[in-house]
Amino acid sequence: MVRFFWRELLDSKLMSVSSPRCPHGCRRAVVLLLALLTACSREPAVERPASKQPRLVTLAPHLAELVHSAGAGDYLVGVSAYSDFPEGVSALPVVSDGFRIDAEALLASKPTLVLAWGGGGQVSSIALLEQLDIPFEVIESRRLGDVAPAIRRIGEIAGTRAAADPAAKAFEQAMSPSNREDSDSDEVSVFYQIGSEPIYTVSGEHFISDVLALCGGRNVFSTLDTAVATVSVESVVLADPEVLLGAGDSSQRRAVWQQFSTMQAVSADNIYGVSGDVLGRPSARLVQAKAEVCAVLEAARGKRTVD
């Protein structure tokens with residue numbers, strides 16, 4: 001079902017990066033949204049010759065982060081739009097806007113391997129890579145448990161396992177369920193909001209939902225059929241979450257939801273914002289995102305009325 005949802009998005013004039021209705025800010029929002037829609041792919045792995053120093057190109061911002069986590073940042077020669085972490089990545093040549101590859105820029109970077117991400121959003125990009133006979137590998141990153149294996153795999157590809165393996169292990173330890181900071185606290189129902197017109201959210205099959213769970217949060221839309229989907233205002237009000245959470249400053253969300261004063265999140269003023277690029281990318285920075293989310297949910301618990 002996710003694949004069909006991708007196709008609808010990409011066919012939509014509103015979601016087209018070339019549409020006059022989609023200015024720069026819209027394009028960034030769409031790229032962020034598509035980054036949240038990662039899904040499984042079964043493309044065969046590509047091994048580089050052991051004697052050849054890799055020249056890596058990434059087709060999503062989180063992949064550039066994973067390359068650095070794997071200790072292979074020096075081998076990165078091209079990135080996608082909005083790749084901005086860690087420092088220095090934004091200075092690299094941009095070969096993709098998140099939807100389509102700039103073939104001229106890609107060929108100029110002379111990659112030995114292109115790293116793509118799972119999901120229908122990069123079907124056309126993968127087709128072009130096949131046409132150009134450029135080696136590529138799809139790095140799976142749909143769930144929280146995919147991040148450490150992705151770091152290890154990039155380490156294998158780049159010959160940097162000495163850095164990648166410890167980084168992957170550190171991530172697994174930091175994000176282990178045994179490290180839940182709320183073990184003695186009650187569960188908090190959470191609505192995670194993406195965008196406003198329309199409103200998107202994530203299901204229980206998404207890494208953001210996994211992070212919420214680590215902090216004792218329960219995604220009120222965990223049973224949705226697709227990893228990312230639209231929801232109505234009415235459905236959010238009916239779900240009545242204890243916390244409304246979204247990317248960036250919360251003032252605009254607060255202004256929108258304030259009219260629904262019967263909602264738990266509104267009446268308790270549990271409307272919060274977190275770093276969107278941190279929580280919205282399946283990279284090692286999810287450790288930071290976890291700390292932000294756990295702090296928010298603990299603050300919400302602290303506002304509960306003691307009977």
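Residues numbered from 1 in each chain as written. Predicted model: local features only at pLDDT ≥ 70, side-chain atom pairs only at ≥ 80, totals over all residues. Heavy atoms only, no water.

## Looking at the environment of isoleucine 199
And then number 1: By secondary structure assignment, the location of isoleucine 199 is in strand β7 (residues 199-202).
And then number 2: A C-alpha to C-alpha distance of 7.8 Å links isoleucine 199 and valine 233, two positions 34 residues apart in sequence.
And then number 3: Setting aside residues up to four positions removed in sequence, isoleucine 199 forms contacts with Phe191, Gln193, Ile194, Ala229, Thr230, Val231, Val233 and Trp257. (Helix = DSSP H or I, 4+ residues; strand = E, 2+ residues; numbered from the N terminus. Contact = heavy atoms within 4.5 Å.)

## Remarks on the sheet that holds strand β2 (residues 76-80)
And then number 1: Taken in spatial order, the five strands make up an open sheet running β3-β2-β1-β4-β5, and their pairing is parallel. Edge strands, defined here as strands with exactly one partner in the open sheet, are β3 (94-96) and β5 (136-139). Averaged over all neighbouring strand pairs, the angle between strand axes comes to 30°, with direction disregarded.
And then number 2: Here three bridges tie strand β1 (residues 56-58) to strand β4 (residues 113-117), and the two strands are oriented parallel to one another. Looking across to β4, one finds that valine 57 is bridged to valine 114.
And then number 3: The strands touched by helix α5 (residues 123-132) within the sheet are β4 and β5, with β5 carrying the most contacts at an inclination of about 155°. (Pairing = 2+ DSSP bridges. Axes fitted to C-alpha atoms, helices over the stretch in contact; angles between N-to-C directions.)

## Quick look at helix α3 (residues 61-69)
Every α-helical turn comprises 3.6 residues, leaving residues that sit three or four positions apart pointing alike.
And then number 1: In terms of residue burial, α3 counts as a mostly covered element, since seven of its nine residues are buried.
And then number 2: Residues of α3 that are buried make contact with β1, β2, β4, β5 and α6 (147-158).
And then number 3: Positioned one or two residues after α3, glycine 71 has a phi angle of 80°, which is positive. (Buried < 20%, exposed > 50% of the residue type's maximum accessible area, 1.4 Å probe, protein only.)

## Some remarks on the packing of aromatic side chains
And then number 1: By the definition in use, this model includes three aromatic pairs.
And then number 2: Each ring, one from phenylalanine 191 and one from phenylalanine 221, has its centre 5.7 Å from the other, and the planes form 70°; the classification is edge-to-face. Of this pair, phenylalanine 191 sits in strand β6 (residues 188-193) while phenylalanine 221 sits in the loop between β8 (217-219) and β9 (228-231), and the two are 30 residues apart along the sequence. The same class applies to phenylalanine 191 as to phenylalanine 221, namely buried. (Phe/Tyr/Trp six-rings, centres within 6.5 Å; stacked < 30°, edge-to-face > 60°.)

## Digging into the packing of helix α8 (residues 207-214) against helix α13 (residues 286-302)
And then number 1: With their axes 9 Å apart at the nearest point, α8 and α13 run at an angle of 55° to one another. On the basis of their axis angle, the class for α8 and α13 is oblique. The element α8 and its partner α13 pack so that their crossing is right-handed. From α8, Phe207, Val211, Leu212 and Leu214 reach across to α13, where they touch Leu286, Lys290, Val293 and Leu297.
And then number 2: Within the contact of α8 with α13, the residues separate by chemical class into seven nonpolar, no polar and one charged. (Parallel < 35°, antiparallel > 145°, perpendicular 65-115°, else oblique. Left-handed = near helix turned anticlockwise from the far one by under 90°. Nonpolar A, V, L, I, M, F, W, Y, C, P; charged D, E, K, R; others polar.)

## Overview of the state of the cysteines
And then number 1: The final tally for this structure, using the stated rule, is one disulfide.
And then number 2: Cysteine 215 shares a disulfide with cysteine 294; S-S distance 2.1 Å. Between cysteine 215 and cysteine 294 the sulfur-sulfur dihedral comes to about -85°; the bridge is accordingly left-handed. Of this pair, cysteine 215 sits in the loop between α8 and β8 while cysteine 294 sits in helix α13; the two residues are 79 residues apart in sequence, bridging distant segments of the chain. Cysteine 294 carries the same exposure label as cysteine 215, and that label is buried. (Disulfide = S-S within 2.5 Å.)

## Side note on α6
And then number 1: In a regular helix each residue adds 1.5 Å, so 12 residues correspond to 16 Å; α6 covers 17 Å between its end C-alpha atoms and thus fits that length.
And then number 2: Burial within α6 is extensive, with nine of its 12 residues counted as buried.
And then number 3: Where α6 is concerned, the buried positions are Val147, Ala148, Ala150, Ile151, Arg153, Ile154, Gly155, Ile157 and Ala158.
And then number 4: Among the structural elements, β1, α3, β4, β5, α7 (161-174) and α13 are those in contact with the buried residues of α6.
And then number 5: Of the residues trailing α6, glycine 159 is marked for its positive phi of about 75°. (Expected span 1.5 Å × (residues − 1).)

## Quick look at the nonpolar core
Nonpolar side chains tend toward joint burial in soluble globular proteins.
And then number 1: Counting residues in each nonpolar core, the largest one holds 53 residues, and the members touching the most others are Val243, Leu245, Leu279 and Leu286.
And then number 2: Contacts of leucine 245, omitting those with residues within four sequence positions, involve Val190, Phe191, Tyr192, Gln193, Leu212, Arg253, Tyr272, Gly273, Val274, Val293 and Val296.
And then number 3: Ranked by size, the runner-up nonpolar core spans 14 residues in total, among them Ile126, Leu128, Leu129 and Val138. (Core = buried A, V, L, I, M, F, W, Y, C linked by side-chain atoms within 4.5 Å.)

## So, the pattern of salt bridges
And then number 1: Overall, the coordinates contain 15 salt bridges when judged by the stated rule.
And then number 2: Between glutamate 65 and arginine 285 there is a salt bridge whose closest N-O contact spans 2.7 Å. In this pair, glutamate 65 is assigned in helix α3 and arginine 285 in the loop between α12 (276-279) and α13, connecting sequence segments 220 residues apart. Of the two residues, glutamate 65 and arginine 285, both sit in the buried class.
And then number 3: Here aspartate 210 and arginine 143 are joined by a salt bridge, their closest N and O atoms 2.6 Å apart. Highlighted residues: aspartate 210 in helix α8 and arginine 143 in the loop between β5 and α6, separated in sequence by 67 residues.
And then number 4: Judged by its relative accessible area of 15%, aspartate 210 falls in the buried class.
And then number 5: Accessibility expressed as a relative area gives 23% for arginine 143, which makes it partly exposed.
And then number 6: It is possible to trace a salt-bridge network through shared partners that takes in Glu65, Asp84, Asp277, Arg281 and Arg285. (Salt bridge = Lys/Arg side-chain N within 4 Å of Asp/Glu carboxyl O.)

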